[in-house]
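Structural description and commentary
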Amino acid sequence: MIISGAIICDINGERRCDVRIEEGVVTQIGENLSGDQMVKADGCYLIPGLVDTDVRLKDSQLNGTNLEKLSLRALSGGVTTALLASDSTPRIDNEITLEFIQQHRSLRNGATIETALSALNDSGALSNIAIMLKKGSLAVHTSTLNDYNLISRIAQYLKMADKTLFYKAEEKSLIESGVIADGAIASQLGLPGISPISEVVHVASMVEIARYFGIQIVFKSVREPRSIELIADARKAGIAVECEVAIHHLFKNDSACGGFDTDAKINPPLVNESKRLALIEALKRGDIHSLTSLHQPNSDVHKDITFYDANVGTTSIAEYLPLLYTYLIKQNVIGMPKLVQLASYAPAKHIGLNTGEISVGSRCDCVLFDPSETTEVPHHHSLYKNETLQGRVVMAICRGEVTKF
């Protein structure tokens, strides 16, 4: 297959070339290539497939139907690899659960589904980390731990296996009592707020863990500018910590919760406008290292209720690339090569995958994106419901399989 006339965009920049792809591998890049199967792509971007490492299933229920839906929707949003967070039901903490997910790993016309391993099992004890990593889990995932003996043992396993810790910094006592970020909107709505310190204090402590043990930590879905400052300072000191931010915290602020709109109830909660703008500035200066759609869909029964009682989460992965293009590229926040860096290359590197470049000899998990078309957001429980986004994924190549949309 030859894709002709596209703008090839990867971490190295943009160029307009033809690309020959055979059995999922790029075999030739040049001008005026010819062959039996030609795909005209004038005006489209050909980019490496996005990699999203903070994805959850509908209602957090781990079953075959939900895995299949996630796989199909992820690919339509430009995501060729989706990594499941481990806090599903059942929790991803044993070989049986891992094997079940791996059976659904490569569904036809869908994204590749990988998984992180929960550091702890349901009883609060350590999972069998060494075996689970050998069996195919790509990273270890946990939220805040206050038991530093457990943290030390987890760090030792990570050091031995040379794997990354995905860490969600949150003070659970505050998260459980609050439903929205502390501030004016919380006061207006009469809802209990979540203090910024719930994230910041645990980022600070885990930076020291990363320094002491020499492990890499990716802080997941960071929302506080102060946390980003701490991570940036640690990196300058040579500590292997990185900052992931969810697109929702860049694109929306806590006013989206007005009218008690439960679709804006996410975890971590949306921040105020001044903090949102600070996150945008952090993105521009390079202090945010990866992005996620923070996809966490819910059934009506968990959203069409009071704000206080509603589940956290919104659906977003099916529109991931159009959302990135509309809110970041069209608004001149960053350029396309930087987008590939943030949403493909960096998250892939966190889980030991190599993507972000389109070059001869490379595996071509990639997507064709037409910026002249539009994408509607039909889902009634999306934070972006009724919006018309700029651009549309028109084709994806994943594991050598071509899917057209």
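Position labels on residues start from 1 in each chain and follow its written sequence. pLDDT decides what is reported in this predicted model: residues at 70 or higher carry local features, side-chain atom pairs at 80 or more are listed and counted, and totals for whole chains, interfaces and linings draw on all residues regardless. Calculated side-chain values reflect all of the structure's heavy atoms, with hydrogen atoms and water omitted.

Nine residue types can take part in a nonpolar core, namely buried Ala, Val, Leu, Ile, Met, Phe, Trp, Tyr and Cys, and a core is a set of them joined through side-chain atoms within 4.5 Å. Remark: exposure states derive from per-residue accessible area (1.4 Å probe, protein chains only) relative to the maximum for the residue type, with buried under 20%, exposed over 50%, and partly exposed in between. Counting 102 residues, the largest nonpolar core has F219 and L324 as the members making the most contacts within it. Note on conventions: DSSP H or I runs of at least 4 residues are helices, E runs of at least 2 residues are strands, and numbering of each starts at the N terminus. The greatest single-element share of this core, amounting to eight residues, is contributed by helix α12 (residues 320-329). Two residues form a contact once any of their heavy atoms are found within 4.5 Å. Leaving out residues up to four positions away in the same chain, L324 has contacts with L50, I247, F251, L291, I329, L339 and A343. Counting 19 residues, the second-largest nonpolar core is a separate cluster that includes I8, I21, L46 and C364.

This paragraph deals with the pairing of strand β7 (residues 45-48). At least two bridges found by DSSP between two strands are what make those strands a pair. Pairing between strand β2 (residues 7-10) and β7: two bridges, direction parallel. For I7, the partnering residue across the bridge sits in β7 and is Y45.

So, about the packing of aromatic side chains. Between the rings of Phe, Tyr and Trp (Trp by its six-membered ring), a pair exists once the centres lie within 6.5 Å; its type follows the angle of the planes, with under 30 degrees stacked, over 60 edge-to-face, and the other angles tilted. For the structure on display, the rule yields five aromatic pairs. Both rings, one in Y212 and one in F213, keep their centres 5.0 Å apart while their planes meet at 80°; by these two values the pair is edge-to-face. Taken together, F251, Y327 and Y384 form an aromatic cluster joined through their ring pairs.

Below, the discussion takes up the sheet that holds strand β10 (residues 112-115). Strand order in the open sheet formed by three strands is β8-β9-β10, with parallel pairing between adjacent strands. A strand with exactly one partner marks an edge of an open sheet, and here the two such strands are β8 (50-55) and β10. Averaged over all pairs of adjacent strands, the angle between strand axes in this sheet comes to 25°, irrespective of strand direction. Inspection of the sheet shows strand β9 (residues 79-84) paired to β10 by four bridges, in the parallel sense. Note that in β10 the partner of L83 across the bridge is E114. Only the stretch in contact is used when fitting a helix axis, every axis being a line fitted to C-alpha atoms; angles between N-to-C directions are given from 0 to 180 degrees.

Mapped onto the elements, R56 comes out in the loop between β8 and α1 (64-76). For this analysis, a polar contact is any N or O atom pair within 3.5 Å, provided that within protein one partner can donate a hydrogen and the other can accept it, and provided that sequence-adjacent residues contribute only side-chain to side-chain pairs. Reaching out from R56, the side chain makes a polar contact with the side chain of D54 at a distance of 2.8 Å. There is a polar contact of 3.1 Å between the side chain of R56 and the side chain of D87.

With respect to the helices and strands, the residue I266 is situated in the loop between α9 (247-251) and α10 (273-285). The class of I266 is buried, set by a relative accessible area of 5%. Sequence spacing of I266 and H295 is 29 residues, and the spatial spacing of their C-alpha atoms is 9.9 Å. In this structure, I266 is in contact with H248, H249, V312, G313 and T314, ignoring residues within four places of it in sequence.

Backbone torsion omega between T89 and P90 reads 0°, so that peptide bond is classified as cis. By secondary structure assignment, the location of P90 is in the loop between β9 and α2 (95-103). Cis geometry is adopted by the peptide bond preceding P268, which originates at N267 and carries an omega value of 5°. The residue P268 is located in the loop between α9 and α10 in this model.

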